[in-house]
Amino acid sequence: MTRSIIPSLVLLITLVTAKAQNPLYIPDTLNGPIYNLTVAYSSKVFFPPNVTDTYGMNGDILAPVLLMNKGDSITLNVINDLNISTTMHWHGFHISAANDGGPHQVIDPGTTWSPSFKVRNDAATYWFHPHLHENTELQVTKGLAGMIIIRDSIESTYDLPRTYGVDDIPLIVQSKSFDAFYQLASFNSYDSTILINGTIDPYVEVPSQVIRLRLLATASSRSFLFGLEGDLPFYQIATDGGLLDQPVSMTRLRLSTGERAEILIDLSALQGQSIFLKSFASELEDGIIGGPVAGVSDTLPGYYSNPLNGNDYNLLRLDVVAPTTNPVTSIPSSFAPLNPWNEADVDVSRDMVFTLDTNTLFASPVEGPFLINNAPFDMDSINVTCFLDEVEIWRLINQTELAHPFHIHDIQFYVLDVNGNPPAPGQHGQKDVVLVMPGDTVRFITQFERFAHPTDPYMFHCHILHHEDEGMMGHFLVIDTNAVSVPEIMGTQQISVSPNPSSDIISIGSGRFDSVQTLEVEVYNILGQKVQSYLHTPDNLQVSFDVSKLQAGLYTVVVRSINKQYSGKFLKI
Ligand code: C2O
Ligand code: CU
Ligand code: CU
């Protein structure tokens, strides 16, 4: 655990001059069906003449923006040219666990990982980033992250800005710490430099018409409260996983790390003028990292020496120039209705309780480490087993002093309520990250559709990167109960197990064991760990045994005779 922060090495680069002076970098785009991404060491000059070491994908920092269409079958070749392992996770995507790029799909140095899948998500703004166990923060800090834009046939029917880099602008919003040697560092409290698409103090020329900004908040821990200078209203049109049912007019939009939103701004009256996109961080509620009060009883070391914390600051200067030839000039009045699941259809409700890990020697109420349901993350144990096609409600209960952005892989969800009240305007669309305030209970509803696997898990975790790295994360499996009899151990003969599912006594291989030798019976969980074993003496040709003490889940029973091995699967309920 790297909790040792060395403040003397930290150089605080303040933004108080507020003079935007660098043209906003607009990332190149890549189109499918094959995307090649080379992850490599690079460098960039942020503070001339000093050279900062970075990690980048096909460039010096960040990655090209990946353009995809819903329904496309695509292949991504992720080439790891680093000399450390990495992974690449498609954040927000509904894909199989094997393609998800979580901590289990390690890409060794010098190798290429090539997931192939169909794009199934609705049109919206997604992203990708490494997810290596205990190393996510380091690799994202050094520069690895990128945006994905998915389009679909519904979104394309609306009169919306969609000329990339002209009236449809990607904004990857980050804050970073630079040390005394101008190197990127994981000093959480000292992330005093804002980078938008890797650009410090950026400006961008935008046409005098309705423009669309795709906001992706990806600081390690900081949340942003987006707004326009002079409180000019704007319209939120999309959440993490799709369009809203109608544009929502607002002057502030809060995004925590991992969240996305798309907004429209009508600049038609502002030609020749400039207006700042800002973070009104002085207005963030207590408990949010980046606001005036991070922890309630304590605060992060160095927190108040970071000029971004609790103060309003500029993010991007919009210089309004002449309109384009076919401008979008009005805000659409509505989009397609949303389709949240119905609470009446819920099969399972679960609680996820966030607490401070008080078993750790140096636990601090603001620095953590934090836990979900008291279980530190363990690569080898499954925390939650879900069943294919079931509708679930998850209750996120935050018993800590800090706000935590909770994220879950594979699915999009709808927030049902926050402490029993409806979610804030603009938060009622499809989401994969939700910020849970201290003391709050947030309920969301979702369904685990299409992808199931008996051993490949998905992740859920806090998206504050060092909380995730320190164990505020868990695994879940989605299991298809119709597939439980398929043998997966090579070289074994399949035997029947009955009844299946079972809660107490099962019998296996009825009539099969006609010889009179002793049999070794072993029961393995889905991770391949032996959970029960004993010797069966041939008093009966049928092997039966008690599984009532096993936790619910999928198991493999293996029966070994002197020269044969048999196996079968059963579900313990
Ligand atoms: Cu953005 Cu588990 O990740
Ligand atoms: Cu994710
Ligand atoms: Cu957290």
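The shown structure was predicted, so the numbers you read here are calculated from the model rather than taken from an experiment.

(A) Up close: the sheet that holds strand β5 (residues 65–69). Spatial ordering of the open sheet is given by β2-β5-β11-β10-β7, a layout of 5 strands whose pairing is mixed. Here the strands that pair on one side only, and so sit at the sheet edges, are β2 (29–31) and β7 (89–91). Between one strand and the next, the sheet's axes are offset by a mean angle of 30 degrees, whatever the strand orientation. The pairing of β5 with strand β11 (residues 146–151) spans 4 bridges and is parallel. For Leu 67, the partnering residue across the bridge sits in β11 and is Ile 149.

(B) Fine view of the pairing of strand β10 (residues 124–129). The buried count for β10 comes to 6 of 6 residues, which makes it a mostly enclosed element. In β10, alternate side chains face the same way, and those of Ala 124, Tyr 126 and Phe 128 on one face and Thr 125, Trp 127 and His 129 on the other are all buried. The pairing of β7 with β10 spans 3 bridges and is classified as antiparallel. Within β10, the residue paired with His 91 across the bridge is Trp 127. Judged from the 5 bridges that link them, β10 and β11 form a sheet pairing that is antiparallel. Residue pairing in the sheet places Phe 128 in a bridge with Gly 146 of β11.

(C) Molecular detail of the coordination of the copper ion (ligand 3). With distances of 2.0 to 2.1 Å, the protein atoms coordinating the copper ion (ligand 3) are His 404 (ND1), Cys 462 (SG) and His 467 (ND1). Mapping the donors of the copper ion (ligand 3) onto the primary sequence yields the spacing H-x57-C-x4-H. What makes His 467 buried here is its relative accessible area of 1%.

(D) Quick peek at the coordination of the copper ion (ligand 2). Listed as protein donors to the copper ion (ligand 2) are His 89 (NE2) and His 407 (NE2); their distances from the metal cover 1.9 Å. Here His 407 lies in strand β28 (residues 404–408) and His 89 lies in strand β7, a separation of 318 residues in the sequence. The buried category is assigned to His 89, whose relative accessible area is 0%.

(E) Seen up close, the domain arrangement of the protein. With domains assigned, the protein is organised as domain 1 (343–479) and domain 2 (492–572). Distance between the C-alpha centres of domain 1 and domain 2: 35 Å. On the side of domain 2, 5 residues touch domain 1, which itself brings 8 residues to the contact. Together, the buried faces of domain 1 and domain 2 total about 580 Å²; carbon and sulfur atoms form 76% of this surface. Linking domain 1 to domain 2 there are 0 salt bridges.

(F) Molecular detail of unusual backbone geometry. Following Pro 48, the chain continues to Pro 49 via a peptide bond in cis, the omega torsion being 0 degrees. Structurally, Pro 49 is set in the loop between β3 (34–47) and β4 (50–57). Look at the link from Ser 498 to Pro 499: it is a cis peptide, with omega at -10 degrees. Within the fold, Pro 499 resides in the loop between β35 (497–498) and β36 (505–508). At Asp 201, a position not held by glycine, the phi torsion is positive, near 50 degrees. Tracing the sequence through the fold places Asp 201 in the loop between β14 (193–196) and β15 (202–207). In this structure Asp 201 comes out as buried when scored by relative accessible area, which is 18%.

(G) Quick peek at the pairing of strand β38 (residues 530–536). As paired elements, strand β37 (residues 519–525) and β38 share 6 bridges and run antiparallel to each other. Looking at β38, one finds that Val 521 is bridged to Tyr 534. Where β37 folds back onto β38 in an antiparallel hairpin, the turn is made up of 4 residues, including Gly 528, whose phi is positive at roughly 80 degrees.

(H) Quick peek at the environment of Thr 239. Relative to the assigned elements, Thr 239 resides in strand β18 (residues 234–239). Once you skip the residues sitting within four places of it in the chain, Thr 239 turns out to touch Ala 124, Leu 244, Arg 260, Gly 426, Gly 429, Gln 430 and Lys 431.

(I) Just the side chain of Thr 400, in detail. Tracing the backbone through its elements, the reader meets Thr 400 in the loop between β27 (391–398) and β28. Here Asn 398 takes part through its side chain, which lies 2.8 Å from a polar atom of the side chain of Thr 400. A distance of 3.1 Å separates a polar atom in the side chain of Thr 400 from the backbone oxygen of Leu 402.

(J) A look at the pattern of salt bridges. Throughout the structure, instances matching the rule amount to 21 salt bridges. When the shortest N-O distance is used, the salt bridge between Lys 70 and Asp 122 registers 2.5 Å. Residue Lys 70 is located in the loop between β5 and β6 (73–80), and its partner Asp 122 is located in the loop between β9 (116–118) and β10; the two are separated by 52 residues in the primary sequence. Its salt-bridge partner being Glu 283, residue Arg 252 comes within 2.8 Å of it at the nearest N-O pair. Taken together, the positions of Arg 252 in the loop between β19 (242–250) and β20 (253–255) and Glu 283 in the loop between β22 (274–280) and β23 (312–321) put the pair 31 residues apart, joining distant regions of the chain.

(K) View of the nonpolar core. Judged by nonpolar contacts, the single largest core of 43 residues is most densely connected at Leu 171 and Leu 315. When residues of this core are assigned to their parent elements, the largest contribution, 5 residues, is made by β23. Sequence-distant contacts of Leu 171, defined by excluding residues within four places in its chain, comprise Leu 24, Met 147, Ile 196, Asn 197, Leu 213, Arg 214, Leu 215, Leu 216, Leu 277 and Leu 316.

(L) Structural detail: the packing of aromatic side chains. For the structure on display, the rule yields 25 aromatic pairs. Plain terms: the ring middles of Tyr 41 and Tyr 55 are 5.4 Å apart, the flat faces sit at 85 degrees to each other, and that makes the pair edge-to-face. Taken as a pair, Tyr 41 in strand β3 and Tyr 55 in strand β4 lie far apart in primary sequence, 14 residues in all. Put simply, the rings of Phe 354, Trp 394, Phe 406, Phe 413, Phe 444, Phe 448, Tyr 458, Phe 460 and Phe 476 touch in pairs and so form one group of aromatic residues. Above the ring of Phe 280, the side-chain terminus of Arg 252 is found at 3.6 Å from the ring centroid.

What counts, and at which threshold
Residues numbered from 1 in each chain as written. Chains lettered and ligands numbered in written order. Predicted model: local features only at pLDDT ≥ 70, side-chain atom pairs only at ≥ 80, totals over all residues. Heavy atoms only, no water. Pairing = 2+ DSSP bridges. Helix = DSSP H or I, 4+ residues; strand = E, 2+ residues; numbered from the N terminus. Axes fitted to C-alpha atoms, helices over the stretch in contact; angles between N-to-C directions. Buried < 20%, exposed > 50% of the residue type's maximum accessible area, 1.4 Å probe, protein only. Donors = N, O, S within 2.8 Å, 3.2 Å for Na, K, Ca; no water. Domains from an automatic or database assignment. Contact = heavy atoms within 4.5 Å. Buried area = accessible area lost by both parts, 1.4 Å probe. Salt bridge = Lys/Arg side-chain N within 4 Å of Asp/Glu carboxyl O. Polar contact = N/O pair within 3.5 Å; in protein donor to acceptor, adjacent residues only side chain to side chain. Core = buried A, V, L, I, M, F, W, Y, C linked by side-chain atoms within 4.5 Å. Phe/Tyr/Trp six-rings, centres within 6.5 Å; stacked < 30°, edge-to-face > 60°. Lys NZ or Arg CZ within 6 Å of the ring centre and 35° of its normal.

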